[in-house]
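Spelled out from the first residue to the last, the chains are:
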Amino acid sequence: MGANTSQVSELSDNPSLKALVGKESISENDPFWNQLISFTFISPTCSGDSKLLEEAVIPLAKILIENNPRTGNFGALVRIFLGRTKELKISTECQDQLFIWQAHNALFMIRCLLKVFIREMSEEELHLQFSYQERAPGSCGETGSEDLLEELLSNLVHLIVEVPLLDITYSILFEAVTTLLVFFSYQLFHKEILRDGIIYQHIMNGRCLSLTSRLVKTLLYNFIRQEKCPPPATHIFEPKAEGGLLYGLASGVASGLWSVFTLGGSGSRAGADQEHNPLPLSNQSLLLLLVLANLTDGPDWPNPYRQAITCFRNTQDTSSLPVEQPHSFQINFNSLYTALCEQQRSDQATLLLYTLLHQNANMRTYMLSRTDMDNLVLPILEILYHVEDRNSHHVYMALIILLILTEDDAFNRSVHEVVLKNISWYTERSLTEISLGSLLILVVIRTIQFNMTRTRDKYLHTNCLAALANMSAQFRCLHQYAAQRIISVLSQRGTTLSVNVYMSVLPWCRATDSMSDDNDNDDDYDGLAWAQDLNVIEEVIRMMLEIINSCLCNSLHHNPNMVYALLYKRELFEQFRMHPSFQDIMQNLDTVIGFFSQRLEQAGSDLSVERVQEVIMKGAQALPNDRLKKFPELKFKYVEEDQPEDFFIPYVWSLVFNSGVGLHWSPHGIELFSMDSG
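- Going by an unreviewed UniProt entry, the protein carries the name Dymeclin and comes from Scophthalmus maximus.
- A UniProt comment under Sequence similarities (unreviewed entry) is attached to the protein, and it reads "Belongs to the dymeclin family."

## Section: the packing of helix H12 (residues 212–225) against helix H17 (residues 333–342)
- Where H12 contacts H17, the two axes come as close as 9 Å, and the packing angle between them is 55 degrees. On the basis of their axis angle, the class for H12 and H17 is oblique. Crossing of H12 against H17: the hand is left-handed. In this structure, H12 uses Leu-220, Phe-223 and Ile-224 to contact H17, whose residues at the interface are Ser-335, Leu-336, Ala-339 and Leu-340.

## Considering the confidence of the model for the protein
- Per-residue pLDDT for the protein has a mean of 83; in total, 82% of the residues score no lower than 70.
- In this model residues 136–144 is a low-confidence stretch, pLDDT under 50, and it forms eleven contacts with partners more than four residues away in sequence or in other chains.
- Low confidence marks residues 493–528, where pLDDT is under 50. Its contacts with residues over four positions away, or in another chain, come to 40 contacts.

## Comments concerning the packing of aromatic side chains
- Going through the model one piece at a time under the given rule, you end up with 19 aromatic pairs.
- A centroid spacing of 5.2 Å and a plane angle of 85 degrees characterise the contact between Phe-595 and Phe-596, whose relative ring orientation is edge-to-face. In this pair, the class of Phe-595 matches that of Phe-596, namely buried.
- The rings of Phe-312, Phe-329, Phe-333, Tyr-337 and Tyr-366 are connected pair by pair, giving a single aromatic cluster.
- One residue, Arg-446, lies across the ring of Tyr-385, its end atom 4.2 Å from the ring centre.

## Let's talk about helix H24 (residues 458–472)
- With 15 residues, H24 extends 21 Å from end C-alpha to end C-alpha; this agrees with the ideal 21 Å at 1.5 Å per step.
- With twelve of 15 residues buried, H24 lies mostly within the body of the structure.
- Taken together, the buried positions of H24 are occupied by Leu-460, His-461, Asn-463, Cys-464, Leu-465, Ala-466, Ala-467, Leu-468, Ala-469, Asn-470, Met-471 and Ser-472.

## What about the environment of Glu-633?
- Take Glu-633: it is sitting in the loop between helix H31 (609–622) and helix H32 (645–659).
- Judged by its relative accessible area of 52%, Glu-633 is exposed.
- Separated by 161 residues in the primary sequence, Glu-633 and Ser-472 have C-alpha atoms spaced 9.4 Å apart.

## Overview of the pattern of salt bridges
- Enumeration according to the criterion identifies 20 salt bridges in this entry.
- Arg-225 is the salt-bridge partner of Glu-227, the closest N and O atoms lying 3.3 Å from each other.
- With relative accessibility at 41%, the residue Arg-225 sits in the partly exposed group.
- The salt bridge partner of Lys-637 is Glu-407, with a shortest N-O separation of 3.5 Å.

Conventions we followed
Residues numbered from 1 in each chain as written. Predicted model: local features only at pLDDT ≥ 70, side-chain atom pairs only at ≥ 80, totals over all residues. Heavy atoms only, no water. UniProt positions renumbered as here; feature names shortened; annotations may be inferred. Axes fitted to C-alpha atoms, helices over the stretch in contact; angles between N-to-C directions. Helix = DSSP H or I, 4+ residues; strand = E, 2+ residues; numbered from the N terminus. Parallel < 35°, antiparallel > 145°, perpendicular 65-115°, else oblique. Left-handed = near helix turned anticlockwise from the far one by under 90°. Contact = heavy atoms within 4.5 Å. pLDDT = per-residue confidence, 0-100. Phe/Tyr/Trp six-rings, centres within 6.5 Å; stacked < 30°, edge-to-face > 60°. Buried < 20%, exposed > 50% of the residue type's maximum accessible area, 1.4 Å probe, protein only. Lys NZ or Arg CZ within 6 Å of the ring centre and 35° of its normal. Expected span 1.5 Å × (residues − 1). Salt bridge = Lys/Arg side-chain N within 4 Å of Asp/Glu carboxyl O.

Here it is as structure tokens:
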């Protein structure tokens, strides 16, 4: 911000702003309002600049809270904005930038004030702030039947869906989306999930309801289009030569008001930060969409925004539905798929992908039918590969996406047909050529091993193992490194040590647990934690043995590298053979190991790798199918837990908190999530 930093603090001393928040009512017909909203600036796009702005606005907003019941100036400002927006669509068609510019400025001021109001008061008190009007002598300060809050909410939704996205409308559309996000931010300051309220009722049941499908579709298209914020000169007015942000329209109209407000201007950091947030409208639209989709159902009605996300169809789908679904619409699936593939670096794009795969059967079918699934799967694998650098929620979402994809047998077959070359981000080993299926296996196994040695998260390894299990019957032509890594889960140092401990110590651990002194809490806790860790290890071993068994029973002749890796590490399996938890599954592995070991002995000694592989290939054709015991097919399906909102609503709001463009909330007072998890 440089020298401009201190200037933002001068807002609280500005005469025009002091008049707005002061004790005198200002008539809506007063030229003051035209002067107030005729300023030019670049909205802050980074948290640092937003923090400085909010710190300057807070004292003004608090004064307004105190005086507004007598003056009604806040309601007057809202009505000034509503008056400007009535002709906004026509203004856009006529390229009337002045009208759009003033409407944007009024909305920006409303949004800044609202953000403070929401932190300082309840929804009921906020509703009252909208209801106060200019107090004439002998009259009360509240309006009659007009609900200005609902009028504003409805107006914002109309603005978003009706005003086309152009360079000159980009900023006001961004402000409209951001203001709706701010309205919903009450959730941040409550630990419990909000299931009702004035704003909730207006959005779910009020005049906004009829625009549900159009709003969802518009927000999706904003995400799809990935439009960059246009340079200032294309959507406002040309600056003066000295580079200030006050452009002197109507010569001194905003004199002394926003000339001190230079965020994003010369000497500020906003230009650099814009490179990190080059798509503010796309980002903000996606966040609003996720907030709307995760609102809880009402007592007698489902969330209409979730309904819209659940049932929208492809524009190329011309079939008629037997029953028209509520809030249904059509959208270009190819464009949406492309945007999803390109944007998986962000949590919110991954969460949208999860939402569509899990809830929209039309989109899921379309994605699984694509012949370029590598464009979608590779970014997901990269998220998992960099598990150390990602937050746990992002990793969970990526993993659940893989689990949902692997529920489809056609997907499990097709990933082994896609050949990749030179995966630059996979650095453990140079992979000059590998199938997408083998790479998927490598990354999931790496995630399991990371979890076993570092986080010990049962949820994480359960989903990893489920995805591998779903794929196991369709393993085809596994890369030799992938086959080795499957076996390595059973032989890595930490697991092997724990297995040995499990074999010899777990019975003693269970016995001593039951005999432990009730007063020895630390020992009780250590014993319980130890037993839980060992149970996790047993589960991993059992499932990996089942995955290997499934591969051998269903596609042994397609996977000579798996047999080779099994033979190479055959002594590893001796420790499992006598354990009751693994005896049944070890029968088939013993059969395969015994059969191929005998074939290799018959082939002679000092065999080359090539000769061993040749013996395995021929042996795979000769092994009778009935020699292997049949087990039920390994199939796992992802099911959301009861009350998923307890997970998703805090997660979505942590994304808004951390990723909302130009939005800053002080961590003090945030109740919905701990700041460590946010």
